[in-house]
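Here is how the chains run, residue by residue.
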Amino acid sequence: MEQPTPLVIDTDPGIDDAVAILLALASPEVDLRLVTTVHGNVDLAQTTENALRVLHLAGRSDVPVAVGARGPLVHPMAERAGHVHGAAGLGGVQLPPSPAAVDPRPAVVALADLLTTAEQPVTVCAIGPLTNIALLLAVYPEAAARIGRLVVMGGSAGAGGNVTPAAEFNAWADPEAAQAVFSSTVPTVMVGLDVTLPTVLGADGVERFAAAGPLGETAGAILRQYMDHARRTYGVDGVVVHDALAVTEAVVPGTLTTVPRDVVVDTGLGATRGLTLVDRREPSGSATAVQVAEGVDSAAAVEFLVSRLAALAAG
Ligand code: BDR
Ligand code: CA
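About the thresholds
- Positions within a chain are numbered from 1, following the residues in the order the chain's sequence is written.
- Working convention: letters from A go to chains and numbers from 1 go to ligands, in the order in which they are written.
- Reporting of local features is limited, given that this is a predicted model, to residues whose pLDDT is at least 70; pairs of side-chain atoms are given and counted only at 80 or more, and all residues count toward the totals for whole chains, interfaces and linings.
- Heavy atoms throughout the structure, all of them, feed into the side-chain values; hydrogens and water do not.
- Axis lines are fitted to C-alpha atoms, over the contacting stretch for helices. Their N-to-C directions set the angle, which ranges from 0 to 180 degrees.
- Strands here are runs of E lasting at least two residues and helices are runs of H or I lasting at least four, both read from the DSSP assignment and numbered beginning at the N terminus.
- Here the word oblique covers every angle except those under 35 degrees (roughly parallel), over 145 (roughly antiparallel) and from 65 to 115 (roughly perpendicular).
- Note on definitions: a residue-residue contact is assigned when non-hydrogen atoms from the two residues lie within 4.5 Å.
- Classification used: nonpolar for Ala, Val, Leu, Ile, Met, Phe, Trp, Tyr, Cys and Pro, charged for Asp, Glu, Lys and Arg, polar for all others including Gly.
- Any N, O or S atom lying within 2.8 Å of the metal counts as a donor, and for Na, K and Ca the limit rises to 3.2 Å; water is left out, so some sites can look incomplete.
- Only protein chains enter the accessibility calculation, which uses a 1.4 Å probe. A residue is then buried if its area is under 20% of the maximum for its type, exposed if over 50%, and partly exposed in between.
- Two helices crossing with the near one rotated counterclockwise from the far one by less than a right angle form a left-handed crossing, whereas a clockwise rotation gives a right-handed crossing.
- Multiplying one less than the number of residues by 1.5 Å gives the expected span of a helix.
- Note that bend, as reported per residue, equals the angle between axes fitted to the 7 residues terminating at that residue and the 7 residues originating from it.
- In this scheme Phe, Tyr and Trp rings, the latter by its six-membered ring, pair at centre separations within 6.5 Å, and the angle between planes marks the pair as stacked below 30 degrees, edge-to-face above 60, and tilted otherwise.
- Salt bridge, as used here, is a side-chain nitrogen of Lys or Arg placed within 4 Å of a carboxyl oxygen of Asp or Glu.

Draft legend 1. Structural context of the packing of helix 12 (residues 242-251) against helix 13 (residues 298-314). At a minimum axis distance of 10 Å, the contact between helix 12 and helix 13 shows a crossing angle of 85°. The angle between helix 12 and helix 13 places the two elements in the roughly perpendicular class. Here Ala244, Leu245, Thr248 and Val251 of helix 12 come into contact with helix 13, specifically with Ala301, Phe304, Leu305 and Arg308. A class-by-class count of the residues in the contact of helix 12 with helix 13 yields six nonpolar, one polar and one charged.

Pasting the structure below:
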């Protein structure tokens with residue numbers, strides 16, 4: 001078998017972030033080398049604590065967790081997403097504390113170190129606001145240029161928004177950062193609401209991994225609050241595990257059908273702040289084009305997630 005691809009997850013756990021981290025740990029194609037935390041669904045102290053606890057839940061406290069940005073680059077966020085993820089970010093479930101401490105390096109330093117020393121190109125999967133990645137681009141451009149693939153959960157090409165009528169949450173949470181990332185030459189895949197919203201994990205799937213062992217039962221418990229939210233917000237009986245779909249594309253490149261597009265993020269302060277304007281007139285030939293995910297086999301993606309989590313839970 002080929003060497004697993006080194007992977008970094010930049011995250012704001014977050015219910016679907018927690019599931020996404022577990023999916024990466026369940027996937028032999030990748031070697032999770034680093035988790036970097038960012039403000040987002042809840043505040044930075046809580047996203048960091050949650051990242052440590054999720055890794056500990058899976059018996060992987062050895063994966064370093066480096067602390068990133070406390071807030072967006074320019075304008076403070078109007079609100080976080082505690083109403084979606086629970087005040088502490090994991091749907092009201094209290095995970096046991098991890099014995100591990102955070103990495104002493106700031107997230108961008110840890111990222112730059114890994115990118116410059118890794119023996120093969122690193123995949124970075126960013127599933128929170130893009131503040132840390134924008135800072136990496138600004139502070140360590142040579143290291144950022146070594147990113148093999150950047151898979152971003154964020155934005156929307158034509159599916160509208162989820163936090164406002166125009167904007168997806170991660171893009172809206174730090175539009176200036178999203179603009180810096182989507183206009184860079186880093187090879188970037190945008191996994192937006194167009195492909196995540198149709199990819200619904202139903203209660204039957206949750207029950208399958210919940211029955212496979214204690215870790216699966218805990219993951220199922222974390223998802224229940226999210227299920228209530230999805231029923232209210234999207235009218236679907238199941239959960240939209242946005243971040244897990246991005247990790248799936250990071251683990252198995254080509255899972256999603258992508259088209260190179262020019263993407264501009266609205267950084268104005270009006271009603272469309274955070275909107276990702278995707279030029280869909282024709283594929284882009286630009287060096288800064290973003291591979292925008294436009295096609296997904298949702299049933300296959302859900303099956304991939306459920307079977308991987310069941311296998312992880314079964315030990
Ligand atoms: C994104 O927003 C967050 O609430 C989720 O964790 C996901 O990363 C979906 O818009
Ligand atoms: Ca997230």
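Draft legend 2. Spatial organisation of the coordination of the calcium ion (ligand 2). Looking at the calcium ion (ligand 2), one finds its protein donor set to be Asp12 (OD), Asp17 (OD), Asp17 (OD), Ile127 (O) and Asp243 (OD), positioned 2.3 to 2.5 Å from the metal centre. Here the donor residues of the calcium ion (ligand 2) share one chain and are spaced in sequence as D-x4-D-x109-I-x115-D. One end of the pair, Ile127, is in the loop between strand 4 (122-126) and helix 5 (131-139); the other, Asp243, is in helix 12, with 116 residues separating them in the sequence. Exposure remark for Ile127: the relative accessible area of 0% places this residue in the buried category. Taking relative accessible area as the criterion, Asp243 reaches 2% and is therefore assigned buried.

Draft legend 3. Looking closely at the packing of helix 5 against helix 8 (residues 175-182). Packing of helix 5 against helix 8 leaves a shortest axis separation of 8 Å and a crossing angle of 55°. One finds that helix 5 runs oblique with respect to helix 8. Our pair here, helix 5 against helix 8, has a crossing hand that is left-handed. The residues of helix 8 that touch helix 5, namely those facing Thr131, Ile133, Ala134 and Leu137, are Ala177, Ala180 and Val181. For the contact of helix 5 with helix 8, a count of residues per class yields six nonpolar, one polar and no charged.

Draft legend 4. Molecular detail of helix 2 (residues 44-57). With 14 residues, helix 2 should cover 20 Å at 1.5 Å per step; its first-to-last C-alpha distance of 20 Å lies within 8% of that length. Among the residues of helix 2, Leu44, Thr47, Thr48, Asn50, Ala51, Leu52, Arg53, Val54 and Leu55 are the ones counted as buried. As for helix 2, its buried residues are in contact with helix 1 (15-25), strand 2 (30-37) and strand 3 (65-67). Note on helix 2: the residue one or two positions beyond its end, Gly59, has a positive phi of about 70°.

Draft legend 5. Representation of helix 11 (residues 214-234) within the structure. Its 21 residues give helix 11 an end-to-end C-alpha distance of 29 Å, which sits within 8% of 30 Å, the value for a rise of 1.5 Å per residue. Helix geometry: helix 11 is bent most strongly at Arg224, by close to 30°. Residues of helix 11 that are buried: Leu215, Gly216, Ala219, Gly220, Ile222, Leu223, Tyr226, Met227, His229 and Ala230. Looking one or two places after helix 11, you find Gly235, whose phi comes out positive at around 70°.

Draft legend 6. Inspection of the packing of aromatic side chains at higher detail. Within the structure shown, the criterion is met by one aromatic pair. Taken together, a centroid distance of 6.0 Å and an interplanar angle of 40° make the contact between Phe169 and Trp172 tilted. Taken together, the residues span about one helical turn, with Phe169 and Trp172 both in helix 7 (residues 169-173) at a distance of three residues. What makes Phe169 buried here is its relative accessible area of 9%. Assessed through its relative accessible area of 13%, Trp172 is described here as buried.

Draft legend 7. Quick peek at the pattern of salt bridges. Within this structure, the stated rule accounts for 16 salt bridges. Residue Arg33 pairs with Glu119 through a salt bridge whose shortest N-O separation is 2.7 Å. Linking Arg33 in strand 2 with Glu119 in the loop between helix 4 (107-117) and strand 4, this pair joins segments that are 86 residues apart in sequence. Assessed through its relative accessible area of 24%, Arg33 is described here as partly exposed. Between Asp113 and Arg105 there is a salt bridge; the shortest N-O distance is 3.0 Å. Accessibility expressed as a relative area gives 28% for Arg105, which makes it partly exposed. Look at the salt bridges and you will find they share partners, linking Asp31, Arg33 and Glu119 into a network.

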